[in-house]
Amino acid sequence: MAGLSCGIVGLPNVGKSTLFNALTSNKAEAANYPFCTIDPNVGIVPVPDPRLSVLSKISRSGKIVEAAIEFVDIAGIVKGASQGEGLGNKFLTNIREADALIHMVRCFEDPNVIHVAGKVDPVGDIQYINLELILADLQMIENIMQKMEKQLKSKKELQITYDTLNLVKEHLNNNLPVRSLPLTEEQKEALAPYHFLTKKKVLYVANVSEADLPSMENEFVQKAREYALQEGNSLITISAQLEQEIAQLPLEERQPFLQELGLHETGLERLVKASFDMLDLISFLTTGEMETRAWTIKRGSTAQEAAGKIHTDIQKGFIKAEVIAYEDFSTLGGRAQAKEKGKVRFEGKEYIVQNGDVMLFMHN
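Everything quoted here is computed from the prediction, not taken from an experiment.

Q: Could you give an account of helix H5 (residues 159-173), with specific residues and numbers?
A: The end-to-end C-alpha distance of H5, which contains 15 residues, comes to 21 Å, matching closely the 21 Å that a straight helix rising 1.5 Å per residue would cover. Within the span of H5, buried status applies to Thr-161, Tyr-162, Thr-164, Leu-165, Val-168, His-171 and Leu-172. For H5, the secondary structure elements touched by its buried residues are helix H4 (122-152) and helix H6 (185-191). Downstream of H5 by a residue or two, Asn-175 has a phi angle that is positive, lying close to 70°.

Structure, rendered in structure tokens:
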């Protein structure tokens, strides 16, 4: 596992804990009032990958090990969190530790579920949370720049960092997140040590009611999607309540139940895949009699870095990697057949691993 995590954020009562329960079947207490999730609940969730069962059948593997992703259910943010209101700084710390954010937005009407602002307004809700995160980043930047001003006289090399921080500060003051600021490579490097909340990638999740199935579209969703697209972010729709019901069904009953509703896959499967993509992750595959496994790496990783996911000794002693594209391995029926057809390649340390490469490493 890459040790990468997505923090689920949103206002109180938008369905975060319901979604988290369905995702992890770790029963976070889901109740109709703010601050129900006080300590962030953490769940490790498998990434659905139908390629594994195909490879497992070919190799007659003893077991399958899926890639996984970590989800953290963070308590609902309230107005003034950046000033320590509600559970303020604790939330902000939990968000700072996440690699990316899943921002859950309420896109359903229900008189029985209170809304902190008294009405359903997805764009207003998004802006409300973004503002708290922007204010927290501004506070952080003020502190950093104050300290740096004293050091500038003796450490001239800090000037680029100071100037970049100043640029970020102006951007934040215009109510814009750090992630939307175009930066040069030098500026990105200068900012690397600072974990700004609004620098993180965001995937918006519109929580709809079961009445909106199977299209999962309504006026609230459309408004939220338009906002996400303007920001350069994606939005997916989900019915958290439905997902919780599906999660409680036996595995063999889930697909027929989905088909009855006119759905092909669960919202959770779409969410996990979208989160994996947002974190810029891919999987390479290994298969044999013992097991078939998906290994998580960052897109753009080399063969030697991929080897290190299995064991540091393999990375250190790396000689070469045997690579077969998944499509060739699966259609030809295995390693021996792929060799016969000339579909096996041997790659060196610098080879950039592709999603779905079936790999075998030679090492000292």
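Q: Could you give an account of the packing of aromatic side chains, with specific residues and numbers?
A: Enumeration over the complete set of coordinates arrives at 4 aromatic pairs. A ring pair is formed by Phe-284 and Trp-295, whose centres lie 6.3 Å apart and whose planes are at 15°; its orientation type is stacked. Of this pair, Phe-284 sits in strand E8 (residues 281-287) while Trp-295 sits in strand E9 (residues 291-298), placing them 11 residues apart in sequence. Where Phe-284 meets Phe-361, the ring centres are 5.9 Å apart and the plane angle is 90°; that geometry is what we call edge-to-face. Of the two residues, Phe-284 is situated in strand E8 and Phe-361 in strand E12 (residues 357-363); the sequence distance between them amounts to 77 residues. With relative accessibility at 0%, the residue Phe-284 sits in the buried group. Given the relative accessible area of 11%, Phe-361 is considered buried. By way of ring pairs, the aromatic residues Phe-284, Trp-295, Phe-318 and Phe-361 are connected into one cluster. One Lys or Arg, Arg-293, reaches over the ring of Trp-295 and ends 4.5 Å from the middle of that ring. For the cation-ring pair, Lys-320 lies above Phe-346, with the distance from its terminal atom to the ring centre recorded as 4.8 Å.

Q: Tell me about the pattern of salt bridges, residues and numbers included.
A: All chains considered together, the criterion is met by 13 salt bridges. Close ionic contact of Arg-293 with Glu-291 constitutes a salt bridge, the shortest N to O distance being 2.7 Å. The exposure class assigned to Arg-293 is partly exposed, which follows from its relative accessible area of 23%. Assessed through its relative accessible area of 18%, Glu-291 is described here as buried. The closest approach of N and O atoms between Glu-347 and Arg-345, which form a salt bridge, is 2.9 Å. By relative accessible area, which is 33% here, Arg-345 ends up partly exposed. Among the charged side chains, a salt-bridge network with shared partners connects Lys-63, Glu-291 and Arg-293.

Q: Any details on the pairing of E9? Residues and values, ideally.
A: A large share of E9 lies buried, amounting to 6 of its 8 residues. As defined by bridge partners, strand E3 (residues 63-65) adjoins E9 across 3 bridges and the pair is classed as parallel. Its bridge partner lying in E9, Lys-63 is registered against Glu-291. In this sheet, E9 lies alongside E8 in antiparallel orientation, the contact comprising 7 bridges. Each residue of the ladder has a partner; that of Ile-282, found in E9, is Ile-297. Between E8 and the antiparallel strand that follows it, E9, lie 3 residues.

Q: I'd like a description of the side chain of Thr-302, backed by residues and values.
A: Within the fold, Thr-302 resides in the loop between E9 and helix H11 (303-310). For Thr-302, a relative accessible area of 13% corresponds to the buried category. If we ignore the near neighbours within four places in the chain, the residues touching Thr-302 are Lys-349, Glu-350, Tyr-351, Ile-352 and Val-353.

Q: Tell me about the nonpolar core, and name the residues and values.
A: Ranked by size, the top nonpolar core spans 73 residues in total, and within it Leu-19, Leu-23, Ile-69, Phe-71 and Leu-271 carry the most contacts. Of all the elements, helix H10 (residues 267-278) adds the most residues to this core, at 6 residues. Judged by nonpolar contacts, the second largest core, of 19 residues, contains Met-140, Met-145, Leu-165 and Leu-181.

Q: How would you sum up the sheet that holds strand E1 (residues 5-9)? Please name residues and give values.
A: Read across the open sheet, the 6 strands follow the order E2-E4-E1-E5-E6-E7; overall the sheet is mixed. Two strands bound the open sheet, and with one partner strand each, they are strand E2 (41-46) and strand E7 (234-238). Along the sheet, successive strands turn relative to each other by an average axial angle of 25°, direction set aside. By the bridge criterion, 4 bridges tie E1 to strand E5 (residues 100-106) in an arrangement that is parallel. By the bridge assignment, Ile-8 is partnered in E5 with Ile-102.

Q: I'd like to hear about the pairing of E8, residue by residue, with values.
A: Across the 7 residues that make up E8, a large majority, 7, are buried. Residues of E8 alternate between two faces, with Leu-281, Ser-283, Leu-285 and Thr-287 on one and Ile-282, Phe-284 and Thr-286 on the opposite face, all of them buried.

Q: Which residues make up unusual backbone geometry, and what values do they have?
A: For the peptide bond that leads from Leu-213 to Pro-214, omega is -5°, which places it in the cis range. With respect to the helices and strands, the residue Pro-214 is situated in the loop between strand E6 (201-207) and helix H7 (219-231). Phi is positive for Asn-175, which is not a glycine, with a value near 70°. Here Asn-175 lies in the loop between H5 and H6. Judged by its relative accessible area of 49%, Asn-175 is partly exposed.

Rules used in this analysis
- Residues numbered from 1 in each chain as written.
- Predicted model: local features only at pLDDT ≥ 70, side-chain atom pairs only at ≥ 80, totals over all residues.
- Heavy atoms only, no water.
- Helix = DSSP H or I, 4+ residues; strand = E, 2+ residues; numbered from the N terminus.
- Expected span 1.5 Å × (residues − 1).
- Buried < 20%, exposed > 50% of the residue type's maximum accessible area, 1.4 Å probe, protein only.
- Contact = heavy atoms within 4.5 Å.
- Phe/Tyr/Trp six-rings, centres within 6.5 Å; stacked < 30°, edge-to-face > 60°.
- Lys NZ or Arg CZ within 6 Å of the ring centre and 35° of its normal.
- Salt bridge = Lys/Arg side-chain N within 4 Å of Asp/Glu carboxyl O.
- Pairing = 2+ DSSP bridges.
- Core = buried A, V, L, I, M, F, W, Y, C linked by side-chain atoms within 4.5 Å.
- Axes fitted to C-alpha atoms, helices over the stretch in contact; angles between N-to-C directions.

Read these as spatial facts, not as claims about activity.
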